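Overview (structure and organization)
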Amino acid sequence: MIALTVIATVTPAATAATRSTIVVAADGSGDHTSVQDAVNAVPSGNARPVTILVRKGTYKQQVVIPADKPHITLAGDTRDPREVVLTFDAAASMQKPDGSGTYGTSGSASYVISAPDFTARDLTFENSYDEAAGGASQAVAVRTTGDRQVYDNVRFLGNQDTLYANTGSATTFARQYFHDCYVEGDVDFIFGRATAVFDRCVIKALSRGSADNNGYVTAASTELANPYGFLIYRSHLVSDAPARTFHLGRPWPAGGSLTARGQVLVRESWLGQQFKDAPWTDMSGLNWREARLSEHRNHGPGATVNDDRPQLTAEQARAYTPERYLAGADGWNPLRRQGVQRPEPGREVLPRGDGWAAATTGTTGGSAARPEDVHVVSTRAELLAALGGQADNTPRIVYVKGAIDADTDAAGNPLTCDDYAADGYSLPAYLAAYDPAVWGRTTVPSGPLEEARKASYAKMAEHVTVAIGSNVTLMGLGRNAALKSFGLRVSNADNVIVRNLTITDTSDCFPQWDPTDGDEGNWNASFDNMEVSGSTHVWLDHNTLNDGDNPDSGQPLYFGRPYQVHDGLLDVVRASTYVTLSWNHLSGHDKVTLIGNTDSPSRYGEEDKLKVTLHHNYFEGLGQRTPRVRFGQVHVYNNYYKGGPGHGYSIGVGFGSKVYAESNAFDGIAAANVLTVFNGTALTAKDNLVDGVPADVVAAYNEANGTTLGTDAGWTPTLVARVHPAKALRQVVPAGAGAGRLH
């Protein structure tokens with residue numbers, strides 16, 4: 001018998017198709033060097049999961065994943081989507097290389113993904129067309145038409161028409177789920193006919209430099225037969241564009257469709273300042289009011305509610321959940337839900353019910369930051385770069401490692417007061433010019449040296465002041481994280497967390513002499529260690545604030561008055577509201593915390609603002625203002641006060657204030673000196689201890705001063721975290737408050 005040996009010829013495509021993973025590597029170390037070759041290796045009619053794993057690198061090629069190749073997962077081989085970039089640079093207006101005409105909008109797509117049951121994760125899709133060089137044009141990063149598609153931890157980069165979420169035709173449906181994604185663009189940069197859910201994404205509207213109209217986030221062309229178009233859910237819609245220059249969207253009658261009535265719902269999301277008060281507008285002759293455009297329970301500075309912003313009721317919203325959008329006839333539910341686990345420290349959010357900052361939407365800081373927006377900094381330059389411009393409200397986490405000194409130059413060399421001096425300023429010359437024996441005591445300083453002082457102060461302020469914008473968590477790593485000489489400013493921001501930092505010695509090299517301030521005149525500094533100004537939803541927790549090794553008590557006397565180089569430690573002013581100050585240690589300072597600027601209800605509109613909670617703070621060896629309050633509903637509970645030789649008063653009852661002080665412990669402070677009154681009329685006080693003994697601090701103040709301060713502030717706090725008995729505070733609070741004591 002003759003044995004026959006049959007040798008089968010196996011092509012590379014057939015070999016790849018027998019495996020569940022196909023590797024793409026630009027350096028030739030994988031199965032293919034391009035994504036399209038890997039897609040071609042998947043057989044038509046594929047019936048089992050295949051992963052195309054793309055190694056780190058940038059891959060420039062137009063790619064098509066056709067409808068007859070389902071069950072593909074396209075994945076970056078690292079968890080950082082920045083490290084795997086899939087790109088091309090075609091634009092609708094560009095001529096094709098073969099001379100057959102322009103690409104058109106659909107043809108410009110870097111990736112066309114028509115396959116059903118497709119997943120992408122951990123990578124970036126980009127259209128890198130250069131608008132500055134070629135002019136504005138549609139330039140699509142991804143065009144999707146397949147059903148049951150999932151995009152997880154994926155970035156979509158472009159300008160106009162970045163993400164084309166579409167269907168195969170006007171009569172077909174396609175569902176697409178975008179989770180933990182990042183999408184950026186300017187004009188209609190999320191558009192199309194698909195049913196698409198954007199779950200916990202960051203959607204960034206890029207500024208085109210306009211003072212009026214910088215673009216449109218969405219352009220949905222949902223057919224009337226489809227109740228569900230685009231859902232933007234629990235996401236952050238951010239921008240560095242000027243206020244009120246962006247639209248949420250406009251309805252697009254794709255191809256002139258007479259039955260397209262775009263459906264978009266933005267719900268429970270943070271909206272930045274960029275949105276117009278009337279954020280929906282018409283397109284191609286279709287009136288936006290004829291479409292299905294609405295919002296539900298959004299927050300942030302761009303979340304105004306008015307007649308031009310339709311809002312769903314709670315009952316209506318129950319029919320517009322991510323599950324309802326994606327279920328279809330087959331009950332598809334791809335939603336990603338994390339199990340119960342301890343988040344990394346910078347992603348911790350204010351617990352529910354923990355003081356005023358937990359009101360309404362709560363305070364989450366930078367917890368939604370994508371990996372590319374998490375930074376560890378150890379120099380001033382790194383800190384400024386990581387925080388970004390104040391106008392950019394992209395969620396970010398900034399960890400401070402070690403001690404950073406603001407009084408250093410770009411090379412890290414130390415700076416002194418002389419380095420900030422401008423226009424010939426010097427302290428000896430200033431003292432000589434404004435000595436009361438020369439200048440007198442009836443007018444404030446003016447003239448060249450006063451102008452030079454102001455210029456010097458401005459130069460210093462520009463260098464040492466750090467602005468913290470919206471959606472930021474600034475956090476110290478470990479016990480030694482410190483910011484020295486910085487003036488931290490949370491200014492006109494929303495949703496900020498600052499934790500576990502030592503913030504020390506914010507001193508002013510150029511205090512002003514004012515002979516009219518009081519009977520003897522005073523030196524007045526202008527820097528606070530930290531100031532919350534015109535801001536909402538701010539949580540300051542487990543920080544240490546002091547004057548470091550430069551206390552005012554060590555300064556000389558000039559004109560018989562202390563040369564004071566420090567102002568406040570931690571002020572909450574200019575109509576700020578929803579603020580929680582917890583577990584901080586403030587020590588060795590005179591003027592500590594001012595809540596509210598003036599007695600005028602109109603100047604900053606503070607009358608219904610300044611809702612602040614202070615709990616479990618350790619106030620040690622302080623002079624006054626712990627806090628001093630105007631207008632605000634301020635809850636002061638479970639704080640431990642330890643007096644010292646410079647103590648004047650603890651709580652200042654200012655004009656219009658509504659302070660509710662309960663379960664605090666005061667040691668080394670006389671009961672009559674716990675309070676003082678600055679045009680206030682009432683304060684609620686209960687269960688407070690003075691030197692370990694229950695004390696009625698209102699009665700003690702009234703008896704000592706012959707006054708009739710009222711005992712009812714007119715409200716009762718409801719947002720209260722854990723309450724300790726006041727007698728335990730002298731052990732509990734010092735052991736737990738301050739930087740380095742977190743957890």
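What counts, and where the lines are drawn
- Residue positions within a chain follow its written sequence, with the count starting from 1.
- Predicted model: local features are reported for residues with pLDDT of at least 70 only, side-chain atom pairs are reported and counted for 80 or more only, and whole-chain, interface and lining totals are derived from all residues.
- Only hydrogens and water are removed before side-chain values are computed, so all heavy atoms of the structure are retained for them.
- The term disulfide is used for any two cysteine sulfur atoms that are within 2.5 Å.
- Helix numbers and strand numbers start at the N terminus; a helix is a DSSP run of H or I with at least 4 residues, a strand a run of E with at least 2.
- When accessible area is computed with a 1.4 Å probe and restricted to protein chains, residues below 20% of their type maximum are described as buried, those above 50% as exposed, and intermediate ones as partly exposed.
- Strand pairing follows a simple DSSP-based rule, namely that at least 2 bridges must link the two strands.
- Only C-alpha atoms enter the line fits that serve as axes; for helices the fit covers just the stretch in contact. Angles between N-to-C directions range over 0 to 180 degrees.
- Cavities and pockets are found on a 1 Å grid laid over the protein atoms alone: a cavity is a set of points where a 1.4 Å probe fits but cannot escape, a pocket is an open set with protein on both sides within 12 Å along at least five of seven lines, and a lining residue has an atom within 4 Å of such a point.
- Grid points are joined across faces, edges and corners, and a volume is the space filled by probe spheres set on the points.
- Residues are grouped as follows: Ala, Val, Leu, Ile, Met, Phe, Trp, Tyr, Cys and Pro are nonpolar; Asp, Glu, Lys and Arg are charged; every other residue, Gly included, is polar.
- Salt bridges, as used here, are contacts in which a Lys or Arg side-chain nitrogen is within 4 Å of a carboxyl oxygen on Asp or Glu.

1. A word on the state of the cysteines
A full pass over the atoms with the stated rule returns 2 disulfides. Here Cys 181 connects covalently by a disulfide to Cys 201, the sulfurs 2.2 Å from one another. One quick way to see it: the torsion about the S-S bond of Cys 181 and Cys 201 is about 120°, and its sign makes the bridge right-handed. In this pair, Cys 181 sits in the loop between β12 (175–179) and β13 (182–185) while Cys 201 sits in the loop between β15 (195–199) and β16 (202–205), placing the two residues 20 residues apart along the sequence. Across the pair, exposure class does not vary: Cys 181 and Cys 201 are buried alike.

2. With respect to the sheet that holds strand β31 (residues 494–499)
Paired through backbone hydrogen bonds, the strands of a sheet run either parallel or antiparallel to each other. Read across the open sheet, the 10 strands follow the order β24-β25-β28-β31-β36-β41-β44-β47-β50-β53; overall the sheet is parallel. Two strands close off the open sheet at either side, each with one partner strand: β24 (374–377) and β53 (683–686). The average undirected angle you get between the axes of adjacent strands in this sheet is 10°. By the bridge criterion, 4 bridges tie β24 to strand β25 (residues 396–400) in an arrangement that is parallel. By the bridge assignment, Val 377 is partnered in β25 with Val 400.

3. Let's talk about the pairing of strand β23 (residues 292–296)
A regular strand carries its side chains on alternate faces of the sheet. Counted residue by residue, β23 has 4 buried out of 5 residues, so it is predominantly covered. Both strand β21 (residues 263–267) and β23 contribute to a ladder of 5 bridges, which runs parallel. Note on β23: the bridge partner recorded for Val 264 is Leu 293.

4. Topic: the layout of surface pockets
Approximately 610 Å³ is the volume attributed to the second largest pocket. Lining the second largest pocket are 26 residues, and of these Asp 552, Ser 553, Gln 564, His 589 and Asp 590 lie nearest its centre. Listed by contribution, the elements that provide at least two residues to the lining of the second largest pocket are β34 (522–524) and β39 (561–562). The element best represented in the lining of the second largest pocket is β34, accounting for 3 residues. The class makeup of the residues in the lining of the second largest pocket is 7 nonpolar, 13 polar and 6 charged.

5. Thoughts on the sheet that holds strand β11 (residues 163–165)
Here 7 strands make up an open sheet; going across it, the order is β4-β7-β9-β11-β14-β17-β20 and the pairing parallel. Lying at the two open borders of the sheet, with one neighbouring strand each, are β4 (63–65) and β20 (246–249). Pairwise comparison of adjacent strand axes, ignoring direction, gives a mean angle of 10° for this sheet. Sheet topology note: the strand β7 (residues 111–113)/strand β9 (residues 142–144) ladder contains 3 bridges and is parallel. Residue pairing in the sheet places Val 112 in a bridge with Arg 143 of β9.

6. Quick notes on the pattern of salt bridges
Tallied over the full model, the rule gives 31 salt bridges. The residue Asp 392 makes a salt bridge to Arg 396 at a minimum N-O spacing of 3.4 Å. In this structure Asp 392 comes out as buried when scored by relative accessible area, which is 16%. Its relative accessible area of 5% is what places Arg 396 among the buried residues. The network of salt bridges with common partners includes Asp 117, Asp 147, Arg 148, Arg 175 and Asp 330.

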